[in-house]
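An overview of the molecular structure
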Amino acid sequence: MRLKYLLPVLLAAGLSTAASANPYETTLKNGLRVIVKEDRRAPTAVQMVWYRIGSTDEVDGASGVAHVLEHMMFKGTPSVGTGEFNKRVAAAGGRDNAFTSRDYTAYFQQVPKEKLPEMMQLEADRMRHLNVDAKEFAQEIKVVMEERRMRTDDNPQSKLFEQMNAVAFQAHPYRRPIIGWMNDLETMTAADAKAWYDTWYVPNNAYVVVTGDVDHKEVFALAEKYYAPLEGRALPLRKQQIEPAQEGTRKVTVKAPAELPVLIMGYKAPILRDIEKDSEPYALEMLAAILDGHDAARFNKKLVREDKVALSVGIDYDNTARGPGMLYLHGTPSEGKTAGELEAALRAEIAQVQKDGVSAQELKRAKAQLVAGQVYKLDSMFGQAMEIGQIEAVGLPYKKIDRMLEKLQKVTAAEVQAVAKKYFNDDALTIGLLDPQPLDGKARRPAVATRH
Amino acid sequence: MKRLLTAAFVLLISQTALAGVKIEHWVSPSGARVYFVESRVLPMLDVQVDFAAGSVFDPEGKSGLAGMTRSTLDLGAGKLDETAIAEQMADTGANLAGGADSDRASVALRTLSAKDKREPALDILRNVLHAPRFDAAILEREKARTIAGLKEALTRPDSIAGKAFWSAMYPNHPYGRQATPESITALGRDDLIAFHARYYNAANASITLVGDLSRQEAEKIAESIAAGLPKGEAATLPAAPEKPKWSLTQLTHPATQAHVYVGLPAIERGNPDFFPLLVGNYTLGGGGFVSRLMKEVRDKRGYAYSVYSHFSPMRQAGPFQIGLQTKRSQAKDAIKVVREVLDGFLKDGPSDDELSAAKANLTGSFPLRLDSNKKLLDNAAAIGFYGLPLDYLDQYQAKVEAVTVNDIKQAFSRRVRPENLITVTVAAD
C-alpha cells in the first residue's frame, strides 16, 4: 500500500532521491552482500544469487566454461543429490533457472514467500559444496552442445552476431561467444569446470538479491544462518584487458540458409563508468530512444514505413557493462532492395542527426516513455531483482538507479547531436552481413516432403 | 458504505489462503462482456479488448486475413494517421499491443492511471477499435512485409516443423490452415473491412480491465469502448476438428539439429478433463526439470537442451504436443525414447510420489500465477474470452488436489490415443 502513495510523489519530483531506505543492504563477514527490496503486493518472493564471473573471465581454449558450470550447478552436493535441487524447488511450488552473460552468472528461484528460507539454504549449499561428477559432466556437456546448435549454429542471425563480435574485438575477451566455440566444448573436461568453480564460487565474489513480500531483517537473519558459515577466499587478480583502438572499418560476411539478408553496423561506443561525471552514455541512450523507441520513431517511420527500404530496423545499445561498449544498428532490406541500400539509408538518418540534431518534441517524448517505464517495471518482482542485480554486476551501485534516470531526464538536444557526431565514426565501425543461401544450396538433399 | 464493505471483504480474503482474485463481471449496456480486477497498488491501468476474430475465421483461400486485420487496425484510425497514433501513445507513456492467434484478436492498452495520461490513451484505443482506416497503401506495405516474413520462416527448421505439425493435426479444420505468400497476396482492403465489420462487434467482444480504477470508472470506460462498436452477433464456430490418423511426416533441411514434434488435437477450453491432463502432464513433460521426458531425454542421455510436453486447450480441441531438438544423427533414438516414455505413462500413469509432487508444485506455485497486474490481466481475459467460471482461479487448487491416478489414466486414454498421433521431423537423418 505504501508504494502507491510514494510513487506519485517520486515522479512529481522528477524521480529525485528516494527518502525510503528500501532496498536494504547488509554485508556478511565472509564478504557476501545481501540486498533486499521489500514489495508487499503479492505473497511471493524472488531470490537471485549473482556471481561476478562470466564468459569475459575465460581464457582461449576454454570458452564456454562459465556457462557449462552454470549447468553443473544443478547436479548436486554431498547433501543435495543429483537432480534434487530442481525437485525441491518444484516441491516448494517454485520456478527456478539460471543464466550466464559476458559479465556475470546468476541463479534464481521464484517462490511463495514462506519457501524463501529453504531456497536460501539450497543456494548457500551449492555456493561452496558442489560435486562436479565426471559422469554427470559427460552427459551435460552434450546438452550444452545441443544448446549451441539450437541457439547459434542453426540460427543465421545469432551466427552473424557471433562472427561480428569476433571481428570487432581482437584483444578483449568479448570476442568470444558466451556459449563457447564448439571445439572448446568438445575438449572441455570435468576438471576444467571444477577448477572454475573452486576459483570463483566464493561468497566474496557474489551477492544475493531478494525482492518480494519479505521483511529485510528476517532475510538478513536467514542470510546469517545459511550463508555466513561459508568461508571467503581471496580471488585471483583480474587484469584489465583493454581493446586497442580500432583504426578502420572491418567487414564480415556469414553465409547461411535463409531468405533475407541481415545487416548489422556496430560502432564502438562509451560505457557508463561514473554515474555523476559521465554524460555521453546517457546521451547515446536517448538518441537510441529517439531513433527506435516507438513505432513512429525515426528509423521505423522513415526506413520501414515511408521509404520502404527496410522490412525491419532497430538499434541495440547497452550503456552498462564491465568491458567495452558497442552500439549496433541492424535491419533487413525489403524485397528488391540490397543491404547496401539499407546501409546508405541508415547512414543518411545518422547524418541528419549529426547535421540538424533532434527536436525538443522528440526528446520530450522519449523522456515521457522513460517515466512511464519506471512505473511499469514495478509490475514485475523478477524485473526489479534483475535491475538491481545487473547494475551491480557491472560495478555500479544499485542505489544510484534513480540518479541514472535523473541524468537521462537532463540530457539535452545539443548533447544528443554531439554524441551522434562523435561516435558514428567509420574507423570504429564493424559491418556484418548475412548472405542468405538457398536451403538446397549444396544440392545434397532436395527440400521436399516425404510422407510415410 | 461501499468502501467499508470492500474493506471487510478484503480481510476475509486474506484469511483464506486458497482464495484467488476477485473478478467482477457484467454486461455493458451495449452488449459487451466486461471483466474487472481492481488493483490499486500501482498507478497504472491495463485494458484488453478481445474479439472472437482469430485465424479460425479466415475464409478458405484467405488465410492470414485475421492477422492482417488486427495488425493494420492501429495503423491509422479516425483523424489519426499511423504516425500520430504511435507518437501520441508515446507522449503519454502508454503502449498499445496485442495480436491475433487462432481463436482471438486482442487489442491491449497499458497506460498510467492518472486522468491526464489515461484519457488521451483511451481516446486512441477507442479510435482504433471504432474507426480503423485500413488505408490501401499501408495494407500493400504490410502485405509485402508479411510475405517476406513468411518466406524467411520457410527457411527455418523450427517454423517448417511447426507449420507441418499443425496442418497434419488439423487436415480438415481451419486450425490447420496457415497463411502463405499466395493467400496474403490475395487479400484486398474489402476483405479486411468485411472481416472487421463481421467480427469486431460488441456481442463478439470481451473487455478486461485491471488496475488503479473504481468499479464505476471501469463501467464507464468499458461502455465507452462497447458503445462505439456495432452491436453485431457472436461468431459461429466451424465443426469440431476430427482426430487425425497416425502419420509420420519427414522433411529435409540442412540444419545441424533435427526438430521433432509429436501430438494430436486433444482438448477444448472448459472441458473437465483439463485438470487430470494438467496434473498428469506435469509428470510426463510439463514439470520442467523434474519431468520424465526431461530426465530420460536430457539428463540421462544428453540428447536435447529442451524437451517438453504440454496441452494447449483452445476454443475447439487444441493440441497436446511433445517437442524437442537434437543432433540430426540421433533423432531416431530420441524419438524412440520419447515414445517409450509416453507409452509407459499412458499405460500406468504417474506413481503416487509423482502425483504428490505434481500437486505440490501446481498448488504451491499458485500465488506466482497472480503476482503482477500483467498476470491478473492474462488470467481474467482468458476467463472472460473463453467463458470459464468466474471462480475458476478460486477453484484451481481444489481441482488439482482432487485428481487421482485413475482420473489421469482415463483422461489420457480418452485424449491421447497412439492411433491418432502425428509425428513431424525436420532435418532428421
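Anything mentioned here points back to the structure above.
Residues numbered from 1 in each chain as written. Chains lettered and ligands numbered in written order. Predicted model: local features only at pLDDT ≥ 70, side-chain atom pairs only at ≥ 80, totals over all residues. Heavy atoms only, no water.

Right, let's talk about the overall build of chain A for a bit. Across its full length, chain A carries 16 helices and twelve strands. Expected size for 452 residues packed as a compact globule is a radius of gyration near 22 Å; at 24 Å, chain A falls within 12% of this value. Its C-alpha atoms give chain A principal-axis dimensions of roughly 65 × 65 × 50 Å. Out of the 452 residues belonging to chain A, those deemed buried represent 56%. Partitioning the intrachain contacts of chain A with sequence separation of at least 6 by distance along the chain shows that 80% fall at a separation of at least 24. (Helix = DSSP H or I, 4+ residues; strand = E, 2+ residues; numbered from the N terminus. Rg over C-alpha atoms; globule rule 2.2 N^0.38 Å. Buried < 20%, exposed > 50% of the residue type's maximum accessible area, 1.4 Å probe, protein only. Contact = heavy atoms within 4.5 Å.)

Below, the discussion takes up helix H5 (residues 136–153) of chain B. All names here are of chain B. Between its first and last C-alpha atoms H5 spans 25 Å; for 18 residues at 1.5 Å apiece the expected length is 26 Å, and the two agree. Those residues of H5 that sit buried are Ile138, Leu139, Arg141, Glu142, Lys143, Ile147, Ala148, Leu150, Glu152 and Ala153. With a side-chain oxygen positioned 3.0 Å from the backbone nitrogen of alanine 137, the residue opening H5 is aspartate 135. (Expected span 1.5 Å × (residues − 1). Polar contact = N/O pair within 3.5 Å; in protein donor to acceptor, adjacent residues only side chain to side chain.)

With that out of the way, let us pick up the pairing of strand E1 (residues 24–27) of chain B. All names here are of chain B. Here E1 shows a clear split, with Glu24 and Trp26 buried on one side and none of His25 and Val27 buried on the other. Two elements, E1 and strand E2 (residues 33–38), share four bridges in a ladder whose sense is antiparallel. Along E2, the bridge assignment pairs valine 27 with arginine 33. Between the end of E1 and the start of E2, which pair antiparallel, lie five residues, with glycine 31 showing a positive phi angle near 100°. (Pairing = 2+ DSSP bridges.)

To continue, consider the sheet that holds strand E5 (residues 105–112) of chain A. Strand-to-strand pairing in sheets goes through backbone hydrogen bonds, with the strands running parallel or antiparallel. All names here are of chain A. Reading across from one edge, E1-E2-E6-E3-E5-E4 is the order of the six strands in this open sheet, with mixed pairing throughout. Edge positions in the sheet fall to strand E1 (24–27) and strand E4 (95–100), since each of these pairs with one other strand and no more. Taken pair by pair, the neighbouring strands of this sheet meet at an average axis angle of 15°, ignoring direction. Where strand E2 (residues 33–38) lies against strand E6 (residues 206–212), six bridges are found, and the strand directions are parallel. Directly across from lysine 37, in E6, lies its bridge partner threonine 211. (Axes fitted to C-alpha atoms, helices over the stretch in contact; angles between N-to-C directions.)

Now for unusual backbone geometry. Of note, the amide linkage connecting asparagine 22 of chain A to proline 23 of chain A takes the cis form, showing an omega dihedral of 5°. Of note, proline 23 of chain A is situated in the loop between helix H1 (2–12) and E1. Even without a glycine there, the phi angle at phenylalanine 134 of chain B is positive, about 50°. Considering the arrangement of structural elements, one finds phenylalanine 134 of chain B in the loop between helix H4 (115–130) and H5. For phenylalanine 134 of chain B, a relative accessible area of 4% puts it in the buried group.

Quick look at the packing of aromatic side chains now. Residue and element names in this part refer to chain A. For the coordinates displayed, the defined rule picks out 33 aromatic pairs over all chains. A centroid spacing of 5.7 Å and a plane angle of 85° characterise the contact between phenylalanine 74 and phenylalanine 85, whose relative ring orientation is edge-to-face. Of this pair, phenylalanine 74 sits in the loop between helix H2 (65–72) and helix H3 (84–91) while phenylalanine 85 is found in helix H3, placing the two residues eleven residues apart along the sequence. Of the two residues, phenylalanine 74 and phenylalanine 85, both sit in the buried class. Centre to centre, the rings of tyrosine 107 and tyrosine 201 are 6.4 Å apart; their planes meet at 75°, and the pair counts as edge-to-face. In this pair, tyrosine 107 is assigned in strand E5 and tyrosine 201 in the loop between helix H8 (190–200) and E6, connecting sequence segments 94 residues apart. Looking at tyrosine 107, the relative accessible area reads 0%, which means it is buried. On the basis of relative accessibility, which here comes to 0%, the residue tyrosine 201 falls in the buried class. The side chain of arginine 102 reaches across the aromatic face of tyrosine 174, ending 4.2 Å from its centre. The residue whose ring lies beneath arginine 126 is phenylalanine 85, and the NZ or CZ to ring-centre distance is 3.7 Å. (Phe/Tyr/Trp six-rings, centres within 6.5 Å; stacked < 30°, edge-to-face > 60°. Lys NZ or Arg CZ within 6 Å of the ring centre and 35° of its normal.)

Our next topic: the packing of helix H13 (residues 352–364) of chain B against helix H15 (residues 392–402) of chain B. Residue and element names in this part refer to chain B. The N-to-C vectors of H13 and H15 enclose an angle of 180°; their axes lie 9 Å apart at closest approach. On the basis of the axis angle, H13 is roughly antiparallel to H15. Where H13 approaches H15, its residues Lys359, Leu362 and Thr363 are matched on the opposing element by Tyr396, Gln397, Val400 and Glu401. Across the contact of H13 with H15, the residue classes break down as three nonpolar, two polar and two charged. (Parallel < 35°, antiparallel > 145°, perpendicular 65-115°, else oblique. Nonpolar A, V, L, I, M, F, W, Y, C, P; charged D, E, K, R; others polar.)

The next subject is the interface of chain A and chain B. Much of the literature gives interface size as the accessible area that the parts lose upon coming together. The interface of chain A with chain B comprises 66 residues on the first partner and 70 residues on the second. Summed over both partners, the interface of chain A with chain B buries about 6,100 Å², with 57% contributed by carbon and sulfur atoms. For arginine 110 of chain B, the salt bridge is made with aspartate 379 of chain A, and the minimal N-O distance between the two is 2.9 Å. Taken together, chain A and chain B are joined by 27 residue pairs in polar contact (both at pLDDT 80 or more). Top contributing element to the side of chain A that touches chain B by residue count: helix H5 (residues 134–153) of chain A, with ten residues. Among the residues making up the side of chain A that touches chain B, the classes are represented as 27 nonpolar, 14 polar and 25 charged. (Buried area = accessible area lost by both parts, 1.4 Å probe. Salt bridge = Lys/Arg side-chain N within 4 Å of Asp/Glu carboxyl O.)

Our focus in this paragraph is the sheet that holds strand E5 (residues 105–112) of chain B. Residue and element names in this part refer to chain B. Across the sheet, six strands lie side by side as E1-E2-E6-E3-E5-E4; this open sheet has mixed pairing. Since the sheet does not close on itself, it has two edges, and those belong to E1 and strand E4 (95–100), each with one partner. Averaged over all adjacent pairs, the angle separating strand axes in this sheet is 15°, with direction ignored.

On to the side chain of glutamine 397 of chain B, then. On the secondary structure map, glutamine 397 of chain B appears in helix H15. Residue classification places glutamine 397 of chain B among the buried residues on the basis of a relative accessible area of 7%.

Another aspect to go through is the environment of glutamate 285 of chain A. Residues and elements named next belong to chain A. With respect to the secondary-structure elements, glutamate 285 resides in helix H10 (residues 280–292). In this structure glutamate 285 comes out as partly exposed when scored by relative accessible area, which is 28%. In this structure glutamate 285 touches Tyr317, Asn319 and Leu408, once residues within four positions along its chain are discounted.

These figures capture arrangement, not role.
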